[in-house]
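The chain contents come next:
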Amino acid sequence: MASNSTKSFLADAGYGEQELDANSALMELDKGLRSGKLGEQCEAVVRFPRLFQKYPFPILINSAFLKLADVFRVGMLGSLASIIPERKNAHHSIRQSLDSHDNVEVEAAVFAAANFSAQSKDFAVGICNKISEMIQGLATPVDLKLKLIPILQHMHHDAILASSARQLLQQLVTSYPSTKMVIVSLHTFTLLAASSLVDTPKQIQLLLQYLKNDPRKAVKRLAIQDLKLLANKTPHTWSRENIQALCECALQTPYDSLKLGMLSVLSTLSGTIAIKHYFSIASGNVGSSPRSSDLVRLAQECCYHNNRGIAAHGVRVLTNITVSCQEKDLLALEQDAVFGLESLLVLCSQDDSPGAQATLKIALNCMVKLAKGRPHLSQSVVETLLTQLHSAQDAARILMCHCLAAIAMQLPVLGDGMLGDLMELYKVIGRSATDKQQELLVSLATVIFVASQKALSAEVKAVIKQQLESVSNGWTVYRIARQASRMGNHDMARELYQSLLTQVASEHFYFWLNSLKEFSHAEQCLTGLQEENYSSALSCIAESLKFYHKGIASLTAASTPLNPLSFQCEFVKLRIDLLQAFSQLICTCNSLKTSPPPAIATTIAMTLGNDLQRCGRISNQMKQSMEEFRSLASRYGDLYQASFDADSATLRNVELQQQSCLLISHAIEALILDPESASFQESGSAGAAHADSEYERRMMSVYNRVLEEVDSLDRKCTPVSYMHTACLCDAIISLLKVPLSFQRYFFQKLQSTSIKLALSPSPRNPAEPIAVQNNQQLALKVEGVVQHGSKPGLFRKIQSVCLNVSSTLQSKSGQDYKIPIDNMTNEMEQRVEPHNDYFSTQFLLNFAILGTHNITVESSVKDANGIVWKTGPRTTIFVKSLEDPYSQQIRLQQQQAQQPLQQQQQRNAYSRF
């Protein structure tokens, strides 16, 4: 009997064959929660997540959580604080539960009070005095006080509330000197100061005072931990005296664990504005020299410490001081930083323990920073890395390769010098197929691609392929091919993709690899371009387009509903259209020779008053070409806006392609169409930004050279000369000679963000329209959920969602009436901020015209920087506007009244006939 009831309960709840709507399923689960049998209650609880996944909307979730809260009492109510922060009955329940004699209920109320205080200002203001009375009350147990004190960290909603909480915490620190009470009070003190941004300097002084004077190690450790928190969050509030006091404590302490913590705080501060404050000229005093300060002395002492962590932080402090201070007499500090990094590198590269690898990462980051900030030290840093690379452990080699690649990206001149050593090392590594060896093959190949800068030599390709054939697996080969595509080594990438085609079992993977092979082959065709050889350029572009069309066909076949490859397809389509536009422009330039203007061209130009018409048909062709490049630039801009989840390097690549289109458009206008009013509008941060890759560096060099050539040409004799057309063709060839870089987002999506919309009312069948009377307005409710992947907010986060609602008339029904223009269309837009990834809003729509209307709801997002991204989705529903009964009745009455009159008129006509 019990088995039958359980089976019936599960089926009715929507988890068997029968599917119920949301409310019915929730009611059935509520029956299970109220069951007298513990097994059925547990069964109902574990079924709730599936209900939330199927119906992820707040009305149902709020109701479900309240039912669960009724089972778990106040503890569950605390978890609902972010959903119902202003619910007054919940506030009242928490206040009552704090006075309960049940210890479990009181602990749950404390938990709920902390969560609601963080979310609701009204609750925090109302509960503050109650918490203060309980903490100061003699009848309150010490254990409960220790749980109540952390609630005060949330009293940061206004200055008055924060001040009262700070006064109470000050009294507690003084009145209760026990270790536990001091630790809890001080930490709450710090969190309150960090959140309210009030009295942060006083909090830093208080923590330094406890660090210096309190003999208890636990209190000192807590003070260091909180100082680290404030150093990360508010480094600008640290004064020179604060840093000096921390240096003195670090110099005096005999304990390595405490010294490590203090150095960690100083290491964090050394990379911020605080280091400039420390070495700045104080009022009335001469600023201290970096060489004579206690901070430098401490860092120099710690650089060669037997504790790896202390040595790493000492080296990091020295590196940051060397890079930040722009004084010329820092030779001694530079040498100390380099020697400290070398010793740390030798020490950690021989040890593959996690601690050694973490320390090595700090040292390598310092090397990259030092090479960038002090370029004259980069050669010695690279030589040290290459020397140690031969004897290091595999795990350390991988990290060192990443460091070499970063340095070579910043300073390309060092690439050629390291290529020989890298090739020698590549020949001897990879003797086994372990994961570390495979990772090392990829890392070292990446450094070789970066160091080569241009096309790989035959010897380099032979060495890489030989190693890959001997020990590598297919995934390693694919990763190396992907790196080759990113670095513009397309000939190498094509051969590697070709070798992988027969090693995949999936049809979609085969088409994906085949498309990559064709794209690499297409880009390889452009390497044969030669300056001032325009016929050869046309043949190279045509050959490239042939392979691109093959590749786009394979790429389309590789897409699936779950992985539509929308960015990849659009990027390649734009590349195809750009190559076709380049080819057309070269043909147009050649037409000045092959199709000269007619004899009457001068007369036509004088008649029209347009001197450009003397050149014949090329003028109209140039205008069409300019519009085509502007259209391509606009499409690249649309692709940029649609790529919310792309990394910054990929977005910069798209921006550079857009910049190329704008450059050619400007060159056409400045040289031929309208030299007087032409101006070059740079897109985004182009031109002013520092080039972070060799591809960007070369593209920026081409842009500058083309602009200089365009500016130098002067139109004195004819409107269009061969010099002008040659300048355009040379600009195209210069752009295409830079190998295209396929960036990370083309292969890999590290961040995934999508929006799911739900419209109400909504028809049961999507093809059916929603009926509404023409004298009424439709209240359209739009709800949405923001869905994330495994790394939400990795590159950018959603601040608000923009919802655009528009309607168009699909088909009319009935007679045409004169309707005001405002009633014929609906075009509305609203911005909403998601709350716990949920948002909702409503629109009032008017459908005065009888017939079927198409409603389109499109969403876009705005990130924290105020940039709008067209992420979609786009949802459509249909509405059928019907005539209201009253108007229909009046219209019928009027028709009936007109019928006798029409009949009488017909009789009169017949009688006259």
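Residues numbered from 1 in each chain as written. Predicted model: local features only at pLDDT ≥ 70, side-chain atom pairs only at ≥ 80, totals over all residues. Heavy atoms only, no water.

Draft legend 1. Structural view of the environment of V338. Checked against the element boundaries, V338 lands in helix 19 (residues 331-349). On the accessibility criterion, V338 (9% relative accessible area) is buried. Between the alpha carbons of V338 and S378 there is a distance of 9.9 Å; along the sequence they are 40 residues apart. The contact partners of V338, leaving out residues within four places of it in the chain, are L370, L377 and S380. (Helix = DSSP H or I, 4+ residues; strand = E, 2+ residues; numbered from the N terminus. Buried < 20%, exposed > 50% of the residue type's maximum accessible area, 1.4 Å probe, protein only. Contact = heavy atoms within 4.5 Å.)

Draft legend 2. The arrangement of the packing of helix 24 (residues 435-452) against helix 25 (residues 458-471) in detail. Running from N to C, helix 24 and helix 25 cross one another at 170°; their axes reach a closest spacing of 12 Å. With respect to their mutual orientation, helix 24 and helix 25 come out roughly antiparallel. Residues Q438, L441, I448 and F449 of helix 24 touch helix 25, and the partners they reach there are V460, I464 and V471. By residue class, the composition of the contact of helix 24 with helix 25 is 6 nonpolar, 1 polar and no charged. (Axes fitted to C-alpha atoms, helices over the stretch in contact; angles between N-to-C directions. Parallel < 35°, antiparallel > 145°, perpendicular 65-115°, else oblique. Nonpolar A, V, L, I, M, F, W, Y, C, P; charged D, E, K, R; others polar.)

Draft legend 3. Quick look at the pattern of salt bridges. With the rule as written, the count across this model stands at 29 salt bridges. Linking K147 and E107 is a salt bridge whose minimum nitrogen-to-oxygen distance equals 2.8 Å. With K147 in helix 9 (residues 142-148) and E107 in helix 7 (residues 103-119), this pair connects stretches of sequence that are 40 residues apart. E694 is the partner of R697 in a salt bridge, and the nearest nitrogen-oxygen pair spans 2.7 Å. Placement of the pair is R697 and E694 together in helix 34 (residues 694-712), with a separation of 3 residues, close to one helical turn. (Salt bridge = Lys/Arg side-chain N within 4 Å of Asp/Glu carboxyl O.)

Draft legend 4. Broad picture of the nonpolar core. Judged by nonpolar contacts, the single largest core of 258 residues is most densely connected at W238 and Y426. Sorting elements by how many residues they give to this core places helix 30 (residues 566-594) first, with 14 residues. Residues L26, L33, L60 and I61 belong to the second largest nonpolar core, which totals 14 residues. (Core = buried A, V, L, I, M, F, W, Y, C linked by side-chain atoms within 4.5 Å.)

Draft legend 5. Region of the structure containing the sheet that holds strand 1 (residues 753-760). Reading across from one edge, 1-3-6 is the order of the 3 strands in this open sheet, with antiparallel pairing throughout. Edge positions in the sheet fall to strand 1 and strand 6 (838-846), since each has one partner strand and no second. Averaged over all pairs of adjacent strands, the angle between strand axes in this sheet comes to 25°, irrespective of strand direction. Note that strand 1 and strand 3 (residues 777-788) share 8 bridges and pair antiparallel. Within the sheet, the bridge partner assigned to T753 lies in strand 3 and is H788. (Pairing = 2+ DSSP bridges.)

Draft legend 6. Region of the structure containing the environment of L513. Tracing the backbone shows L513 in helix 28 (residues 507-525). A relative accessible area of 4% means that L513 is categorised as buried. Counting along the chain gives 19 residues from L513 to R494, while the straight-line C-alpha distance between them is 9.7 Å. Beyond its immediate stretch of four places on either side in the chain, L513 contacts Y478, Y497, L500, L501 and V504.

Draft legend 7. The pairing of strand 4 (residues 798-812), seen in detail. Pairing between strand 4 and strand 7 (residues 851-863): 13 bridges, direction antiparallel. Bridge pairing in strand 7 links L809 to H853. In terms of strand pairing, strand 4 meets strand 5 (residues 826-832) through 7 bridges, oriented antiparallel. Opposite L803, over in strand 5, you have Q830 as the bridge partner.

Draft legend 8. Fine view of helix 35 (residues 722-736). Taking 1.5 Å as the rise per residue, helix 35 with 15 residues should run 21 Å; its terminal C-alpha atoms sit 21 Å apart, in good agreement. Turning to helix 35, its buried residues number three or more, namely H724, T725, C727, L728, C729, A731, I732, I733, S734, L735 and L736. Lining the buried residues of helix 35 we find helix 29 (534-558), helix 30, helix 32 (618-642), helix 33 (648-673) and helix 34. (Expected span 1.5 Å × (residues − 1).)

Draft legend 9. Representation of helix 21 (residues 378-389) within the structure. In this model, helix 21 (12 residues) spans 16 Å end to end at C-alpha, consistent with the 16 Å of a helix rising 1.5 Å per residue. The inward-facing, buried residues of helix 21 abut helix 19, helix 20 (354-373), helix 22 (394-410), helix 23 (415-428) and helix 24.

Draft legend 10. Looking closely at the packing of aromatic side chains. Evaluation of the coordinates by the stated rule reveals 19 aromatic pairs. Residues F571 and F746 carry aromatic rings whose centres are separated by 6.1 Å and whose planes lie at 70° to one another, so their mutual orientation is edge-to-face. Taken together, the residues span a long stretch of sequence, with F571 in helix 30 and F746 in helix 36 (residues 744-747) at a distance of 175 residues. For the pair shown, F571 and F746 are each scored as buried. Members of the aromatic cluster, joined through ring pairs, are W512, F519, Y548, F567, F571, F742, Y745, F746 and F747. K217 extends its terminal NZ or CZ atom over the ring of Y255, reaching a point 3.9 Å from the ring centre. (Phe/Tyr/Trp six-rings, centres within 6.5 Å; stacked < 30°, edge-to-face > 60°. Lys NZ or Arg CZ within 6 Å of the ring centre and 35° of its normal.)

Draft legend 11. Spatial organisation of a negative patch on the surface. Taken together, E531, E532, E708, E709 and D711 make up a surface patch of like negative charges. Along the chain, D711 turns up in helix 34. (Patch = residues over 30% accessible without salt bridge, like charges linked within 9 Å, V, L, I, M, F, W, Y side chains within 5 Å. Areas by Shrake-Rupley, 256 points an atom, 1.4 Å probe, with all protein chains shown as cover. Lys, Arg positive; Asp, Glu negative; His and termini not counted. Charge placed at Lys NZ, Arg CZ, Asp CG, Glu CD.)

Draft legend 12. Molecular detail of the confidence of the model for the chain. Per-residue confidence for the chain averages 84 on the pLDDT scale, and 87% of its residues sit at or above 70. Across residues 282-287 the pLDDT falls below 50, and counting only partners more than four positions away or on other chains, this stretch makes 5 contacts in the model. (pLDDT = per-residue confidence, 0-100.)

Draft legend 13. Representation of the packing of helix 14 (residues 240-252) against helix 17 (residues 294-302) within the structure. At their nearest, the axes of helix 14 and helix 17 sit 9 Å apart, and the two run at 35° to each other. In this structure, helix 14 crosses over helix 17, and the sense of that crossing is left-handed. In this structure, helix 14 contributes Q244, C247, E248, A250 and L251 to the contact, and helix 17 contributes D294, L295, R297, L298 and E301. Tallied by class, the residues present in the contact of helix 14 with helix 17 amount to 5 nonpolar, 1 polar and 4 charged. (Left-handed = near helix turned anticlockwise from the far one by under 90°.)

Draft legend 14. Quick peek at the environment of S239. Relative to the helices and strands, S239 is located in the loop between helix 13 (217-233) and helix 14. For S239 and I204, which are 35 residues apart along the polypeptide, the C-alpha to C-alpha distance reads 9.5 Å.

Draft legend 15. Focus on the side chain of T753. For T753, the location among the structural elements is in strand 1. A polar side-chain atom of T753 sits 2.9 Å from a polar atom in the side chain of D645. Aside from chain neighbours lying at most four places away, what touches T753 is F644, D645, V786, Q787, H788 and I798. (Polar contact = N/O pair within 3.5 Å; in protein donor to acceptor, adjacent residues only side chain to side chain.)

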